[in-house]
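Residue-level listing of the chains:
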Amino acid sequence: MSVPDYMQCAEDHQTALVVVQPMGIVPEDQFFRIYKRIASVSQVSIRDSQRVLFIRYRHHYPPENNEWGDFQTHRKVVGLISVTSCTTTKEWPQTSDRFQGQKEVFGSTLYDSRLLVFGLQGEVAEQQRTDVAFYPSYDDCPDVEKRVEDFVESIFIVLESKRLDRATDKSGDKIQLLCAPFEKKDFVGLDTDSRHYKKRCQGRMRKHVGDLCLQAGMLQDALVHYHMAVELLRSVNDFLWLGAALEGLCSASVIFHYPGGTAWKSGARKPGVSSAADAGKRHRPGALTTNGISADTSTEIGRAKNCLSQEDIIEKYKEAISYYGKYKSAGVIELEACIKAVRVLAIQKRAREASECLQNVVYINLGQLSEEEKIQRYSVLSELYELIGFHRKSAFFKRVAAMQCVAPTIPEPGWKACYKLLLETLPGYSLSLDPKDFSKGTHRGWAAVQLRLLHELVYASRRMGNPGLSVRHLSFLLKKEVTQSLENYTSKCPGGMEVISLPDGLKLPPVSFTKLPIVRSVSLLNLPVSLRPHKVKGLLGQGMSSASPFIYSPITMHSRGDERSKKIDFQWVQGDVCEVQLMVYNPMPFELRVENMGLLTSGVDFESLPAALSLPAESGLYPVTLVGVPRTAGNITINGYHTSVFGVSSDCLLEGLVGVKSSGCMVEVVPSLPRLQLCTSLPRSAHLSSEDLSTSVSLRLFNGEMQQLTITLENIGTETLNTLELTSKNLSTKEKLFGEFLTWDLQDALSHLPLKSGQSVSIPVNISAKLDFSGQENLLHDLNDDGISVTGLPVSSPLRQVLKPRAENKPVGSDASKNEFNHVKMLEAVLTFKYSGGAGQVEGYSRELSLGVRVDVEPSVFFTRVSTLPATSTRQCHLLLDVFNSTEHELTLSAKNNQDLVLHASECQRYTHTHTQTPPSLKAISQSQRTSLLLRNELFVEGVLNQLILEHLQLAPLQWDVVVNGKPCDCDVIADCRVGDAVPLEVKLTNRSKSAVGPFSLTVVPFQDYQNGVQNYDLQDAVSFIGSNTFYISTVKPTENSVCVGALLFLYTGDFYLNIKFQDDSTARDLPPAWFCLPSVHVKAQEPVEL
Amino acid sequence: MNCPLYIRSVPTQGELKFHYTVHTSLDVVEEKISGVGKALADQRELYLGLLYPTEDYKVYGYVTNSKVKFVIVVDSSNTSLRDNEIRSMFRKLHNSFTDVMCNPFYNPGDPIQSKAFDSIVSTMMVQAC
């Protein structure tokens, strides 16, 4: 016997074997339908007795196994049912002959046989035979079961008679020696009369009777016979049969102890063997019934003695196996005994002993096994290990079986079977093909082994001719570990995202490369400043959050929801490119090419623009910006991204990723808005530090210079621009600015609105830089002090008060101070264009485009000192300006109606300007050699005169007018008069101050200046007054005037001066002395004209 | 968890075979632990003895109280290694493993990369061969 039945279990010992075979041409499916119906009759209660006969059906049974029927009767084919098709009566005799032939195969052991003929219509020619049944078709055979039952009963009758026959004839006649097939020749020529031989015969026969009793449902009798057989056989050292007797004993005990059966699942057993379900319902003789009392009370008595305890069963099994082990030819028996023992152990939950037993199975050498048998053997081992809970061992053998399927010796490797078996091993290696399980927590299981298994899966699926599967597995493998061969496959079959379903129902979920590359953070980027939409304020209720009726609440609304579902507080605009930044890194030791990387979104039509990137090996964090264009307005949610790595497309959802930082993935998309592009006549420059600006320009101007900037706005969007506003804001500057920094005229531009797509408009903006570069405090002090030094003739100048003595040796214009003046000042301003249009305008959105203007103002010319110098006239004074040219260029300075003054680079010159009523404005004209400055070379410089100087420059509020001879006199005016004529003198006081002044007294004192420092006041005889020389002025109210009139008579010719002395009566008043600065009068007395 | 923290074999070729051997031996280890657990949970003998013999190798097992498993596979033909020697090897291994666990920079569950542990294993392997 060379074919082991791996499905054997202990209960099989009590069954009778029936072979059901097709005869001739029987369709396979029809045969198995009939077979199933036959096999459903697996136990038959025998009439008039409480016994039950169990039947084991086989549709295939090797005749050489049948030869072991004497050794163990359940191996003996006792019944044969043939199924055949026979359409015409003509065929019938032939069919009948074939049935005879088939019977002869098992002829020696058959108790009974049946032939089921299908398809024969009409009359059956031959007379009714009990062993033949005719059915018109395979579908029309209602009494098959009934017939099988009858058949089983007839078998039982034969069995019972044989049992009784064998059980009774124990004495007297010579007992026949039962032999195992390989033993037959050993006993040739042996002395058949020896006691030893007789005992052997007896023992073997006892054992045989035990087998028959067990089959016939007499468990108790069987136990007794087995015990006797064991004793007999032990005494004659007939080990093979001793083993068989022990095994029989075990089987009977197992049947007694475990009425539920030891076969673990019905599916694994060949159909026809009683299923576990109805095994439970079996009524077993000797077993306890539900009420706890055996139906046959007589059997109760001997049970305790004869039946083996649970431990003993195992002991005896081991003993039996060890005896079998002595015979090489009994390998199959040993193997099957082992398997049976394992099943019993599994039920007893003695896994370790079971594993030892199984270990033994591995070593049983059955000689040359066919490949199929090997596979079967390993599969069974695997199943048995599974049964005892050794999942790893089970997986190991399953894998061995799988490898056996494709062993190189097999001419046609069964890759499909291999693949199927390999898949079954996965749980044993704690490997799940679902990436969801994989990404959970830390790594589980035995990496090296898993890796190997996956490789095998890949190979098997490829050889199976299913490259799609192969790619899927490889992807998974890649996800776990590293390999590159995937690319070769994907070139033939792109890896997709759809679930691959295997024919056997197993679904392979798609494998996403979430780790290639690894994404660490996802952040949605706001639009660039110039493209951000701004909600127009002022729409009622728009800005208010409707979540709470309170304006302020200390309870902050915590968003309980997921971080990712949080809405971001900026908006994207329909039709504009939006960006999402991913921080990725490549954990692989090779360069990773990621193609077709794009965004997965929901909520809004989104056109994702895929990117391709190449990450260097084991790169650090690497920013990747994925872009896309929302095509409709609404709320958009970024769900994840898709990649194509090694040709495998993966969809990676953010929610499935671990360790991804995200600041929220939902953003509002507002309707489309126009887009303006700004370009300027000046080159762009670096952005200003302080604010977010779309563009900025910077230029360098000399103080006082003006330049025009032309800004061209082009509508590059698709929407029409409807509104445009322009505002400017000066950024925090402490400098005092004269006039407007930026001026523009928008009217022309506005007349071009609405601006269609592609059109442009230009706006001129004037930039003028007028700054005060002389603003240092100490400088002004200096100037003030210096005023003293330049004050010339105190007599003829308006009186000025000396505030403090001038510090000597003031290093004016030294290098140190020159550097101080030389620094560049900066002016910054932002021009903001606010525009709107299209659908976005309806929603109240607008866009802002800002242009930063930065001007570096270089000092050109500035006034280092300002001082006044009295002029000869009381109405005028000289303003002395020390003008410093801090540029590197030669300048020509011109002021109103004055001579031009040429200033060389870094030169300081004093510039005199006759005082006018207002502070002067100087016009400096640079004669620059610098080409860039040649464009605009006029500078307007304004300086600030401080209050003190201004006071000096202003005329005193009391205006004194002296009129001599009807002619107003001032310093430079010489009044002519004739000797002997009375010269009228009029002193007029006009009060321009805000309060009344007076009373004053004035005394007119004439004197002669000899121009040598001597002044002669003794002129009583040369000049005489007509009237008083002293005037009295009473109170003069504001804006009023008072006039004192007198007359002088010059007696001699000559130059005379009149000094009008002033006396203030009111000591309480302290009016500034400058207010009383009266002009000195120069009178030239001449000879009277000779008529 | 039962994932390998440390595997070493000499010679290195055919290492995968030992992976399989050790992996399947875990079945026996678990069976042994669960079997003993019922009787004496606290004072369990850490040394599990011979797990199972194969044709060429003997597999011994050892389980710490924290259920960390050590498995030693030796050549069957090596008669110098008896139960006592194996037992002392396991004890050494356990001590060294304890040192590894004491390292504050070691995360339990990570593969062991300690040089000290490595050298202990190496010396044991030299002795055994």
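Keep in mind the model is a prediction, meaning the values are calculated, not measured.

1. Structural notes on the overall build of chain A
Then step 1. Each helix and strand counted, chain A has 25 helices and 46 strands in total.
Then step 2. Within chain A, the proportion of its 1091 residues that are buried is 50%.
Then step 3. A fraction of 75% describes how many contacts in chain A between residues 6 or more apart in sequence connect residues 24 or more apart.
Then step 4. Carbon together with sulfur atoms contributes 51% to the accessible area of chain A, which is approximately 51600 Å² in total.

2. Structural notes on helix 5 (residues 195-215) of chain A
All names here are of chain A.
Then step 1. Helix length check: helix 5 (21 residues) gives 30 Å between terminal C-alpha atoms against 30 Å at 1.5 Å per residue, within 8%.
Then step 2. Burial runs high along helix 5: 16 of the 21 residues are buried.
Then step 3. Remark: glycine 217 follows helix 5 within two positions and exhibits a positive phi of approximately 85°.

3. Here we look at the nonpolar core
All names here are of chain A.
Then step 1. Counting residues in each nonpolar core, the largest one holds 81 residues, and the members touching the most others are Phe71, Leu240, Tyr317, Tyr324, Leu358 and Ile388.
Then step 2. It is helix 7 (residues 239-257) that contributes the most residues to this core, 12 residues altogether.
Then step 3. When we break this core down by domain, the ones giving at least three residues each are domain 1 (10-168) and domain 2 (175-263 + 306-366).
Then step 4. With near-sequence residues (within four places) excluded, leucine 358 lies in contact with Val342, Leu381, Leu384, Tyr385 and Ile388.
Then step 5. If you look at the next biggest cluster of nonpolar residues, it comprises 37 residues, including Phe570, Val580, Leu592 and Ile636.

4. Notes on the packing of aromatic side chains
Then step 1. Enumeration according to the criterion identifies 23 aromatic pairs over all chains in this entry.
Then step 2. Measuring from centroid to centroid gives 4.6 Å for phenylalanine 118 of chain A and tyrosine 138 of chain A, while their planes differ by 20°, and the two rings are stacked. With phenylalanine 118 of chain A in strand 5 (residues 112-118) and tyrosine 138 of chain A in the loop between strand 6 (132-135) and helix 4 (144-168), the pair connects residues that are 20 residues apart, well separated along the chain. The same class applies to phenylalanine 118 of chain A as to tyrosine 138 of chain A, namely buried.
Then step 3. A centroid spacing of 5.2 Å and a plane angle of 25° characterise the contact between phenylalanine 239 of chain A and tyrosine 323 of chain A, whose relative ring orientation is stacked. Residue phenylalanine 239 of chain A is located in helix 7, and its partner tyrosine 323 of chain A is located in helix 10 (residues 310-324); the two are separated by 84 residues in the primary sequence.
Then step 4. Members of the aromatic cluster, connected to one another through ring pairs, are Tyr378, Tyr385, Phe390, Phe396 and Phe397 of chain A together with Tyr20 of chain B.
Then step 5. Directly above the aromatic system of phenylalanine 239 of chain A lies the positively charged group of lysine 326 of chain A, at a separation of 4.9 Å from the ring centroid.

5. Some words on the confidence of the model for chain B
All names here are of chain B.
Then step 1. Looking at chain B, the pLDDT average stands at 81 and 89% of residues meet or exceed 70.
Then step 2. Taken element by element, the predicted model of chain B shows its lowest mean pLDDT in helix 1 (residues 15-39) (77) and its highest in helix 2 (residues 83-102) (89).
Then step 3. Quick note on the complex model: pTM equals 0.52, ipTM equals 0.77.

6. Focus: the environment of aspartate 981 of chain A
Then step 1. Along the polypeptide, aspartate 981 of chain A turns up in the loop between strand 38 (974-978) and strand 39 (982-991).
Then step 2. When neighbours within four sequence positions are excluded, aspartate 981 of chain A is seen to be in contact with Leu1048, Leu1049 and Phe1050 of chain A.

7. With respect to the sheet that holds strand 21 (residues 676-680) of chain A
Residues and elements named next belong to chain A.
Then step 1. Strand order in the open sheet made by the four strands is 21-23-26-25, with antiparallel pairing throughout. Edge strands, defined here as strands with exactly one partner in the open sheet, are strand 21 and strand 25 (742-744). For this sheet, the mean angle separating the axes of adjacent strands, direction not counted, is 30°.
Then step 2. Where strand 23 (residues 706-715) meets strand 26 (residues 760-768), nine bridges bridge the pair, whose relative direction is antiparallel. By the bridge assignment, glutamate 714 is partnered in strand 26 with serine 760.

8. Comments concerning the packing of helix 13 (residues 371-387) of chain A against helix 14 (residues 391-405) of chain A
To describe two helices that pack against each other, one gives the angle between their axes and the distance between the axes.
Residue and element names in this part refer to chain A.
Then step 1. Orientation of helix 13 relative to helix 14, taken along the N-to-C sense of each, is 165°, at an axis distance of 7 Å. The orientation of helix 13 relative to helix 14 falls into the category roughly antiparallel. Helix-helix and strand crossings are classified by hand; for helix 13 and helix 14 the assignment is left-handed. Facing helix 13, whose interface residues are Glu371, Lys374, Ile375, Tyr378, Ser379, Leu381, Ser382, Tyr385 and Glu386, helix 14 presents His391, Lys393, Ser394, Phe397, Lys398, Val400, Ala401, Gln404 and Cys405.
Then step 2. Looking at the contact of helix 13 with helix 14, its residues break down into eight nonpolar, five polar and five charged.

9. Examining the sheet that holds strand 6 of chain A
All names here are of chain A.
Then step 1. Strand order in the open sheet made by the six strands is 2-3-1-4-5-6, with mixed pairing throughout. Since the sheet does not close on itself, it has two edges, and those belong to strand 2 (43-45) and strand 6, each with one partner. Each strand axis lies, on average, 25° off the axis of its neighbour in the sheet, ignoring direction.
Then step 2. Relative to strand 3 (residues 52-58), strand 2 runs antiparallel, the two sharing three bridges. Its bridge partner being in strand 3, glutamine 43 is matched across the sheet by phenylalanine 54.
Then step 3. Across the sheet, helix 3 (residues 91-105) is in contact with strand 1 (15-23), strand 4 (77-85), strand 5 and strand 6; its angle to strand 4 comes to roughly 155°.
Then step 4. Helix 4 contacts strand 1, strand 2, strand 3, strand 4, strand 5 and strand 6 of the sheet and is inclined by roughly 165° relative to strand 5.

Criteria and thresholds
Residues numbered from 1 in each chain as written. Chains lettered and ligands numbered in written order. Predicted model: local features only at pLDDT ≥ 70, side-chain atom pairs only at ≥ 80, totals over all residues. Heavy atoms only, no water. Helix = DSSP H or I, 4+ residues; strand = E, 2+ residues; numbered from the N terminus. Buried < 20%, exposed > 50% of the residue type's maximum accessible area, 1.4 Å probe, protein only. Contact = heavy atoms within 4.5 Å. Areas by Shrake-Rupley, 256 points an atom, 1.4 Å probe, with all protein chains shown as cover. Expected span 1.5 Å × (residues − 1). Core = buried A, V, L, I, M, F, W, Y, C linked by side-chain atoms within 4.5 Å. Domains from an automatic or database assignment. Phe/Tyr/Trp six-rings, centres within 6.5 Å; stacked < 30°, edge-to-face > 60°. Lys NZ or Arg CZ within 6 Å of the ring centre and 35° of its normal. pLDDT = per-residue confidence, 0-100. Pairing = 2+ DSSP bridges. Axes fitted to C-alpha atoms, helices over the stretch in contact; angles between N-to-C directions. Parallel < 35°, antiparallel > 145°, perpendicular 65-115°, else oblique. Left-handed = near helix turned anticlockwise from the far one by under 90°. Nonpolar A, V, L, I, M, F, W, Y, C, P; charged D, E, K, R; others polar.

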